[in-house]
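Coordinates in review
Listed below are the residues making up each chain.
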Amino acid sequence: MSGRFPGRWPVCRRTAAAFLRNTAAAFGGVAVAGQLAGPLFPHGLPAPGWVTAGAAGACVLWGAVRARPVPVVRQEFRRPDMTVVVEGGDLFTAPGHLVVGFCDTFDTAPADGRLIDGGSVQAQLLRRRYDGDPDRLDAELADALAAVAPQSRELRADKPLGKLDRYPLGTVAVLGPPSRLVFATAYSRLGRDLVASSGVEDLWFSLNRLWDAVDRRARTGSVAMPLVGSGLARMDYLDQDSLLRLILMSFIARSREGAVCRELRVVLRPADLANVSMPEVRAFLRSMAAGLSER
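Residues numbered from 1 in each chain as written. Predicted model: local features only at pLDDT ≥ 70, side-chain atom pairs only at ≥ 80, totals over all residues. Heavy atoms only, no water.

Closest axis-to-axis distance for the helix α5 (residues 200–218)/helix α6 (residues 240–255) pair is 10 Å, and the angle between their directions is 45°. In terms of axis orientation, α5 runs oblique to α6. Between α5 and α6 lies a crossing whose hand is right-handed. When α5 is examined against α6, the residues V200, L203, W204, L207, N208, W211, D212 and D215 are found in contact with a partner set consisting of L243, L246, I247, M249, S250, F251 and R254. Partitioning the contact of α5 with α6 into residue classes produces ten nonpolar, two polar and three charged. (Axes fitted to C-alpha atoms, helices over the stretch in contact; angles between N-to-C directions. Helix = DSSP H or I, 4+ residues; strand = E, 2+ residues; numbered from the N terminus. Parallel < 35°, antiparallel > 145°, perpendicular 65-115°, else oblique. Left-handed = near helix turned anticlockwise from the far one by under 90°. Contact = heavy atoms within 4.5 Å. Nonpolar A, V, L, I, M, F, W, Y, C, P; charged D, E, K, R; others polar.)

Turning to the pairing of strand β3 (residues 97–103), a few remarks are in order. Both faces of the sheet carry side chains from a regular strand, because those side chains alternate between them. Within β3, seven of the seven residues are buried, leaving the element largely enclosed by the surrounding structure. Residues H97, V99, G101 and C103 of β3 are buried on one face, and the alternating residues L98, V100 and F102, pointing to the opposite face, are buried as well. Taken together, the two bridges between β3 and strand β9 (residues 222–225) define a ladder with parallel strand orientation. By the bridge assignment for β9, L98 is matched with A224. Taken together, the six bridges between β3 and strand β7 (residues 182–190) define a ladder with parallel strand orientation. Within β7, the position partnered with V100 by the bridge is A184. (Buried < 20%, exposed > 50% of the residue type's maximum accessible area, 1.4 Å probe, protein only. Pairing = 2+ DSSP bridges.)

Relative to the helices and strands, T105 is located in the loop between β3 and α3 (121–129). T105 gets classed as buried once you look at its relative accessible area, which sits at 1%. Look past the residues within four positions of T105 in its chain and what remains in contact with it is K159, K163, D165, R166 and L190.

Rendered as structure tokens:
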């Protein structure tokens, strides 16, 4: 998978809806213009068939241009100076530090997919940053969590696989060298049935704790993160578009208190990208940037 854009752009239902909406708006505008221009042509339009065809073509073209797929959305902010980027691609080739979601037990061993899905970002972290060695990752996690008291401890009879210590949601373990940090953030609870779940309040709280950690360790750098929360139990009622906006709103709201980092880059997998309307994301970020500049 390439670092910028993996293959063909997925067809998004929202993109199709945007095309229809903008085309209809254009037809409405042409109709109003026609009514206003009517008195100028008391004997009718010259070559009305050609005029109608041309207007229809222009409306369709306008709708297509307005709804065209946008591979990357980039928005500059002022006060504080920062950049937000949303794009499709490979998180692990994105520039800067990384954010990777964990559950509250900070489990690392896949256990044949029963604890960690083999296609998840966390599984990729183990393969691509730690050469598939969970002991090495566990050692770094233990060092990073040494100053954090576990919230509780499970009995082995209740949790037959993985680790037993549970840490508070919002705990962030900062791993790796200073030039390429990994912010391992616990934003979900792993049930005794080994199913991870989280809620909107849990995610919002965990994101705020994440921004605090980024502010302390990577304020002048770039941070890349996936669409955390996608596919989790208890958050199925939020689609990818809503999750993305939640993440962006959290970051921008926290940035009102001061710059968190120089750049936040949200990197979407193809499966998530297919359900996100990038033109709407662009419009959302523009409105947020305008609101900040008016402060």
